[in-house]
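Summary of structural features
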Amino acid sequence: MGQHIIIAGGGSAGWMAAALFARLRPAPDTRITLVESDAIGTIGVGEATIPILRDFNRLLGLHEPDFVAATQGSFKLGIEFVGWGEAGNRHFHGFGDFGAPIEGVAPHHHWLRLRAAGGIADPIDAWSMPALAAARDRFAPPEALRGEAAEYRYAYHFDAGLYAQLLRSYAEARGVTRVEGRIVAAERDPETGNLAGLLLDGDRRITGDLCIDCTGFSSRLLGDALGTPFIDWSRWLPADRALAQGCTRAGRFTPFTRSTAHAVGWQWRVPLQHRTGNGLVYSSAYLSDDEAAARLAADLDGDAIGDPRPLRFTTGRRERFWAHNVVAIGLAAGFMEPLESTSLQLVQTGLVRLAELLPTTGAADAAVIDEYNRATIGEYERIRDFLIAHYCISRRPEPFWRDMAAMSLPDSLAHKLALWDAIGRVPLYDRESHAEPSWVAVLLGQGRIPRGHEPTADRPPLDALDRLFRERRAELEAALPRLPAHDHFVAKTCRARTA
Ligand SMILES: Cc1cc2nc3c(=O)[nH]c(=O)nc-3n(C[C@H](O)[C@H](O)[C@H](O)COP(=O)(O)OP(=O)(O)OC[C@H]3O[C@@H](n4cnc5c(N)ncnc54)[C@H](O)[C@@H]3O)c2cc1C
């Protein structure tokens, strides 16, 4: 008999796992069972993504217009940050570069040089196609354009519950068995330490070769059953609460997520076809739940739909993600606030890595498990640094922000910021999921101007450089009218039936 994979949990992580393994390890060689409890339910948020999710959908063979329509989705060119560096600050982290390298040097060094010479006044966003298109609420995939203007990527916003439903249909159609029930205990093999079986309510027991723990924050298998410690990162990322609240659609149908900083945290705004998702992320040490609710209610575009949903979390990760025959994916593995929409990315990359490393028969070699953990820890730590950077460089005056600016940073981030301050270069480490343009967007966007630039940027004559920047900008501006309005694009290609 072939391998039996048990997936514990049916939130986004569980159904993404089921769909991917059904696709890559089809029956009958692999049997897949997913256990979930309707009584416990899912977290249900997780609506903004990054472009890598397109690879996941492509791997499954999902047709983009059908997927967007089925999930009440919209398109995302990046994130607009409002009020982060200081009150009134506005910048865009777009999914793209600021133009091709010039004489082999990244464009932001030339921008810094021109700026220092007094030749440029506009923010670097003016050379980002996603930022320019987003400012005008325009969207089409880059294939609609040519040349430099076509150098961008995109992601989606979607209803997380509908995405899980779509993946469930996909997985069940490919032989995944869903078992409704609550896991009440886990048995361990006294010799190997492996999970030997899961006990479900109603005196049921299931056994498998590998358990993928997708039980959310409770981490029933990796955390509870195996006792894998949790590494707490809240000294760097102290937000521990969120209030999520949908509202009716009103105002702009933006092809981007908005993140608005407030006195003790920030607020997200995610446009969907049938509603707008909103949420306030804050630290309970600085803001009471009642104050948070009042602040969120005052800041909605449309009428509130239902009651706000309170969520509590601690930022951090499990010490190991794969131990014995258990691999944790999603919230069971760790959590970092959704500032850069990275949770579903971590679900996806964890699953793909697992599929690449998991043997088709027999137990995994210790080296394979170590490699999975090494790579996953690296990815978590790099995202952690990127998120901390958003906070620690802010010049906002409120006590929360002053504390964030004064904190002692992880060495990896301290080095990154020091090199940036010196010559505008971003050292990239192993497993970095945000490339240099992402760091440039956030650092320059918040007004963290380096003292210098890479010396190689001094080669081109200043007047030629100035001309080139003007030409590039003109090329991007000229391309903009060829992009339709975001709402027209959605209405024409992927309108949901009940939007
Ligand atoms: C405030 C907030 C905002 C977020 N925003 C984003 C975002 O914009 N973008 C993004 O990528 N991510 C975001 N995330 C993260 C995203 O929501 C999660 O990564 C994603 O939903 C995966 O969750 P999950 O499946 O791991 O857990 P859950 O959704 O909690 O699912 C857990 C599953 O396990 C089952 N279960 C638990 N215990 C048992 C048991 N004993 N027996 C049987 N079944 C059990 C439950 O029934 C459920 O099916 C956000 C998270 C939070 C908290």
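Pairing is antiparallel across the open sheet formed by 3 strands, whose spatial order is 8-9-10. At either margin of the open sheet sits one strand with a lone partner, and together these are strand 8 (183-188) and strand 10 (204-206). Within this sheet the neighbouring strands show an average axis-to-axis angle of 25 degrees, counted without direction. Alignment of strand 8 against strand 9 (residues 195-200), held across 5 bridges, turns out to be antiparallel. By the bridge assignment for strand 9, Ala185 is matched with Leu199.

Another aspect to go through is the pairing of strand 16 (residues 276-282). For strand 16, the buried fraction is high: 7 of the 7 residues fall into the buried class. Here strand 16 shows no split at all, with Thr276, Asn278, Leu280 and Tyr282 on one side and Gly277, Gly279 and Val281 on the other all buried. In the sheet, strand 13 (residues 241-247) pairs with strand 16 via 7 bridges, with the strands oriented antiparallel. Paired with Cys247 across the two strands is Thr276, which belongs to strand 16. Sheet topology note: the strand 15 (residues 265-271)/strand 16 ladder contains 7 bridges and is antiparallel. Residue pairing across strands places Trp268 opposite Gly279, the latter belonging to strand 16.

Next up on the list: the packing of helix 10 (residues 366-392) against helix 11 (residues 399-406). Where helix 10 meets helix 11, the closest approach of the two axes is 8 Å, and the angle between their N-to-C directions is 125 degrees. Considered as vectors, helix 10 and helix 11 are oriented oblique to each other. Here His390, Tyr391 and Cys392 of helix 10 lie close against helix 11, whose contacting residues are Phe400, Trp401, Met404 and Ala405. Here the contact of helix 10 with helix 11 is built from residues that sort into 6 nonpolar, 1 polar and no charged.

For interface size, the figure often reported is the accessible area lost on association. Domain assignment breaks the protein chain into domain 1 (3-47 + 159-234 + 315-364) and domain 2 (241-312). The centre of domain 1, based on its C-alpha atoms, is set 29 Å off from the matching centre of domain 2. At the interface, 10 residues of domain 1 touch 13 residues of domain 2. Approximately 880 Å² of surface area, both sides summed, lies buried where domain 1 meets domain 2, with 57% of it carried by carbon and sulfur atoms. Looking only at domain 1, the three residues that lose the most surface to domain 2 are Val45, Glu47 and Asp159, adding up to 47% of its buried area. Of the charged contacts in the structure, one is a salt bridge between Arg275 and Asp159, with a shortest N-O distance of 3.2 Å. Grouping the constituent residues of the side of domain 1 that touches domain 2 by class yields 5 nonpolar, 2 polar and 3 charged.

What follows is about the site of the ligand. Taken together, 33 residues surround the ligand, and among them Gly10, Ile43, Ala48, Ile183 and Leu344 come closest. Between an oxygen atom of the ligand and a main-chain N or O atom of Val45, the distance comes to 2.9 Å. Between Ile183 and the ligand, the recorded distance is 2.8 Å, taken from a backbone N or O atom to a nitrogen atom. For the ligand, whose accessible area on its own is 1,000 Å², the fraction buried by protein is 96%. Breaking the shell around the ligand down by element, the ones donating at least two residues are helix 1 (12-24) and helix 9 (343-357). Considered class by class, the residues forming the shell around the ligand number 14 nonpolar, 15 polar and 4 charged. The residue makeup of the shell around the ligand includes at least three contributed by each of domain 1 (3-47 + 159-234 + 315-364) and domain 2 (241-312).

Remark on secondary structure: sheet strands pair via backbone hydrogen bonds, oriented parallel or antiparallel. Pairing is mixed across the open sheet formed by 6 strands, whose spatial order is 7-2-1-11-20-19. Edge positions in the sheet fall to strand 7 (177-180) and strand 19 (322-323), since each has one partner strand and no second. Across 4 bridges, strand 2 (residues 30-36) lies against strand 7 in parallel orientation. Across the sheet, the residue bridging to Leu34 is Arg178, located in strand 7.

What follows deals with unusual backbone geometry. At the junction of Ala27 and Pro28, the peptide bond is cis and its omega measures out at 5 degrees in the coordinates. Relative to the helices and strands, Pro28 resides in the loop between helix 1 and strand 2. One non-glycine residue, Gln72, lies in positive phi territory at about 55 degrees. Assignment of secondary structure puts Gln72 in the loop between helix 3 (64-70) and strand 3 (74-76). The phi angle at Asp203 is positive, at roughly 55 degrees, despite the residue not being glycine.

Basis of the calculations
- Residues numbered from 1 in each chain as written.
- Predicted model: local features only at pLDDT ≥ 70, side-chain atom pairs only at ≥ 80, totals over all residues.
- Heavy atoms only, no water.
- Pairing = 2+ DSSP bridges.
- Helix = DSSP H or I, 4+ residues; strand = E, 2+ residues; numbered from the N terminus.
- Axes fitted to C-alpha atoms, helices over the stretch in contact; angles between N-to-C directions.
- Buried < 20%, exposed > 50% of the residue type's maximum accessible area, 1.4 Å probe, protein only.
- Parallel < 35°, antiparallel > 145°, perpendicular 65-115°, else oblique.
- Contact = heavy atoms within 4.5 Å.
- Nonpolar A, V, L, I, M, F, W, Y, C, P; charged D, E, K, R; others polar.
- Domains from an automatic or database assignment.
- Buried area = accessible area lost by both parts, 1.4 Å probe.
- Salt bridge = Lys/Arg side-chain N within 4 Å of Asp/Glu carboxyl O.
- Near = heavy atom within 4 Å.
- Polar contact = N/O pair within 3.5 Å; in protein donor to acceptor, adjacent residues only side chain to side chain.
- Areas by Shrake-Rupley, 256 points an atom, 1.4 Å probe, with all protein chains shown as cover.

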